[in-house]
Amino acid sequence: MTTMKSDEDKVVKLRVEDLTLIFGKRKKEALEMLEKGASKAEILQKTKCTVGISKANFEVYEGEVFVVMGLSGSGKSTLIRCLNRLNEPTAGKVFFKDEDITRKGNRELLNIRRFEMSMVFQTFGLLPHKTILENAAFGLELRGEPKEEREKKALAALETVGLKGYEEHYPSAMSGGMQQRVGLARALANDTEVLLMDEAFSALDPLIKSDMQDELLQIQEKVQKTIVFITHDLDEAIKLGDRIMIMKDGIIEQIGSAEEILTHPASEYVEAFVEKVDRKTIITAESLMFPKPSLLRVKKDGPMRAIRKMQTEGVKFLPVVEDERRTFLGYVWLNDVLELAEKKEMSLEKALKTEVPSVYSDYTVEEMLPLISGNNYPLAVVDKQGGRLLGLVTQTSLIIEATRYGDEEVKQLIKKANKTNRL
Amino acid sequence: MSRIIDLGKYIEIGINALEENFSFLWRAIDDGISWTVDNLSELLLSIPFVVFLLIVVLLAYYAKAGKMMFKKEGLKKGGGLVAFVVIGLFLIYAMGYWEDAMCTTTLVLVAAFIALVLGIPIGILAAKNRTADIIIRPILDFMQTMPAFVYLIPAIFFFSVGDTPGVVATVIFSLPPAVRLTSLGIRSVPNDVVEAGRAFGATEKQILYKIELPLAMPTILTGVNQVILLALSMVVIASMVGARGLGSVVYQGIQQNDIAKGFESGLGIVILAIILDRITQSFANKKG
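### A look at the sheet that holds strand 3 (residues 65-69) of chain A
All names here are of chain A. The strand order across the open sheet formed by 6 strands is 6-7-8-3-9-10, and the pairing between neighbours is mixed. This sheet does not close on itself; its edge strands, each paired only once, are strand 6 (117-120) and strand 10 (251-256). The mean inter-strand angle of the sheet, taken between neighbouring strand axes irrespective of direction, is 15 degrees. Where strand 7 (residues 194-198) and strand 8 (residues 226-231) come together, 5 bridges link them in parallel fashion. What sits directly across from Leu196, in strand 8, is Val228. Of the strands in this sheet, strand 6 and strand 7 are in contact with helix 9 (residues 176-189), which crosses strand 6 at around 180 degrees.

### Points about the sheet that holds strand 1 (residues 12-23) of chain A
Residue and element names in this part refer to chain A. Taken together, 4 strands build an open sheet; the order of strands is 2-1-4-5 and the sheet is antiparallel. Of all strands in the sheet, those with a lone pairing partner are strand 2 (50-61) and strand 5 (99-100), marking the two edges. By the bridge criterion, 2 bridges tie strand 4 (residues 91-96) to strand 5 in an arrangement that is antiparallel. Looking at the pairing, Phe96 lines up with Glu99 of strand 5. Across the sheet, helix 2 (residues 27-35) is in contact with strand 1, strand 2 and strand 4; its angle to strand 1 comes to roughly 115 degrees.

### Let's talk about the packing of helix 5 (residues 98-128) of chain B against helix 8 (residues 163-187) of chain B
Residues and elements named next belong to chain B. As a packed pair, helix 5 and helix 8 sit with axes 6 Å apart at the nearest point and diverge in direction by 35 degrees. The two elements helix 5 and helix 8 cross, and the hand of that crossing is right-handed. In terms of residue class, the contact of helix 5 with helix 8 is built from 19 nonpolar, 7 polar and 3 charged.

### Remarks on helix 4 (residues 76-83) of chain A
An α-helical turn contains 3.6 residues, so a residue and the one three or four places further along point in the same direction. Of all 8 residues in helix 4 of chain A, 8 are buried; the element is thus mostly enclosed. Looking only at helix 4 of chain A, the buried set comprises Lys76(A), Ser77(A), Thr78(A), Leu79(A), Ile80(A), Arg81(A), Cys82(A) and Leu83(A).

Cut-off values and rules
Residues numbered from 1 in each chain as written. Chains lettered and ligands numbered in written order. Predicted model: local features only at pLDDT ≥ 70, side-chain atom pairs only at ≥ 80, totals over all residues. Pairing = 2+ DSSP bridges. Helix = DSSP H or I, 4+ residues; strand = E, 2+ residues; numbered from the N terminus. Axes fitted to C-alpha atoms, helices over the stretch in contact; angles between N-to-C directions. Contact = placed C-beta atoms within 7 Å. Left-handed = near helix turned anticlockwise from the far one by under 90°. Nonpolar A, V, L, I, M, F, W, Y, C, P; charged D, E, K, R; others polar. Buried ≥ 20, exposed ≤ 12 C-beta atoms within 10 Å, placed from the backbone.

Have a look at this one:
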């Protein structure tokens with residue numbers, strides 16, 4: 001799992017520790033019960049309190065899109081509101097740049113909301129009596145910035161979201177998608193490090209939603225904000241999220257990249273959830289490939305060695321790499337190598353078939369499928385920088401991924417496939 | 001039937017005590033209201049009829065036509081009201097009730113102004129604070145259902161006869177819609193807009209002035225309209241305690257059984273009511 005490895009050099013922007021939020025009057029009692037390990041239902045029965053979030057722990061890294069996903073009632077919207085304390089946590093801590101937000105006084109909290117975090121809402125939350133420009137500048141107005149300055153910033157933000165020329169319109173005259181662009185512009189105009197997006201695109205039509213997602217990703221590439229994005233839509237989570245956190249009933253079920261969640265679901269709930277996802281677009285070469293395959297070095301390994309290696313491995317072909325850098329060059333087939341051996345050739349070069357496709361480790365199944373048609377060898381996965389051979393993706397595993405059998409069946413089919421491959 | 005509780009007696013004792021102990025306050029209120037009413041009516045009367053008519057016509061036209069003032073559509077929208085204003089005010093003038101009409105207008109404006117100054121903040125309080133709402137609500141019910149004549153008794157008691165008790169009774173009678181509609185307006189501001197404000201670091205004051213009040217404005221203006229109309233409907237009753245104006249002419253008409261007088265002055269009140277209603281309503285609608 002490569003993302004875990006690189007976690008260490010990432011800067012933690014938000015850290016949530018044992019965050020708990022309880023709705024109701026007898027919070028203390030409920031909290032004590034929760035500490036003792038009582039279930040949500042027991043707590044509700046005894047104290048009439050609802051546990052909104054139960055001991056959430058997670059970190060959000062600088063510059064990532066962190067998606068919190070769950071169905072309605074999972075506590076995701078409650079959770080995001082704890083980050084800027086629109087909801088007051090019952091217990092636990094929220095660290096922003098290593099300072100505990102839950103301990104901040106009113107004034108400090110206002111400043112955090114004004115300068116450090118901005119928010120985009122599902123229902124847009126625009127002011128109907130203000131123009132688009134005034135709406136985009138509203139956050140700056142609350143900060144007390146002079147009119148000229150805030151309008152300049154708001155204009156730039158409106159341009160970023162593609163709403164140039166609409167400054168003097170009113171929100172009521174605009175479509176949902178455009179209104180949400182204004183909502184996004186308002187958040188961007190404040191130029192905060194953290195962007196909280198609460199089901200920002202959930203109220204939009206599917207097509208517009210998809211457009212907005214693309215646009216958000218483009219904007220994110222430019223502005224590199226730390227984004228916490230709430231959604232109930234797994235496809236959206238996968239499309240936008242660098243990492244995804246799945247919540248159920250106020251409890252975190254799993255945190256990981258889309259691929260980690262799809263390939264290693266942590267619970268039955270997550271498994272059931274991800275079942276409906278179109279895996280073709282998510283599963284990448286990296287998780288499908290057989291790493292460190294046996295290979296031949298083009299100069300050092302001659303035909304005789306190649307034949308021996310193929311025989312011991314039980315295969316009819318092998319990938320060939322450049323000697324030092326292990327750059328992938330192509331394949332050699334047993335028949336061709338045998339011919340070379342007969343001719344007493346010392347180098348493999350003449351048998352080398354170089355016109356074979358190779359892929360990078362982040363290629364998805366969907367992208368790889370067209371490459372295998374008509375060929376009978378696996379796809380070589382190579383390093384983006386040096387073209388170094390990382391592994392091989394067999395056709396069988398690709399097709400299984402694409403057709404999606406059940407888990408058990410897949411395992412058996414892969415076993416079978418590996419056997420036949422080695423013949 | 002014998003009485004067990006003499007509630008009225010206690011109220012009387014209470015009001016007596018109020019009158020005696022706070023006489024300076026009543027005098028100050030009396031002075032303030034009399035001074036305002038006298039000066040304002042004098043000011044209104046100092047304006048020549050034609051000029052006054054022109055001002056009202058412009059106001060009515062602007063209220064109806066707004067930004068389309070100088071276009072054809074504006075004429076379509078505002079033409080009717082302008083015609084009504086011209087004919088109506090001229091009729092009042094021609095019937096010889098101009099002075100009374102100005103006096104009534106003054107009383108209505110002063111009473112409505114006081115009612116709004118008191119009512120809007122109380123409405124804001126009721127919208128924001130549950131306890132305040134629980135206390136204010138039954139008081140408003142009481143004020144609205146108590147027959148308006150009843151207010152005249154303590155009003156005379158505190159302020160003797162004249163314009164002031166009339167204004168005070170009118171204020172009490174017309175206050176409730178200002179409170180209720182302000183409160184309603186603020187309560188019906190969409191929660192997401194308020195939350196958005198909060199998320200961007202708005203203080204409570206900023207939320208009130210930059211979000212809630214502007215969004216509640218159409219409803220509050222409807223309240224203003226209601227206050228003015230209720231105030232106008234009180235002029236006849238207020239004239240019983242000595243308030244001047246068209247109301248007192250109607251009252252005289254009743255006492256003298258003078259049909260002509262009663263009808264003319266009654267018509268004058270109706271004309272004023274329609275003009276005030278249409279103008280304030282247009283402002284309320286335009287904001288919405």
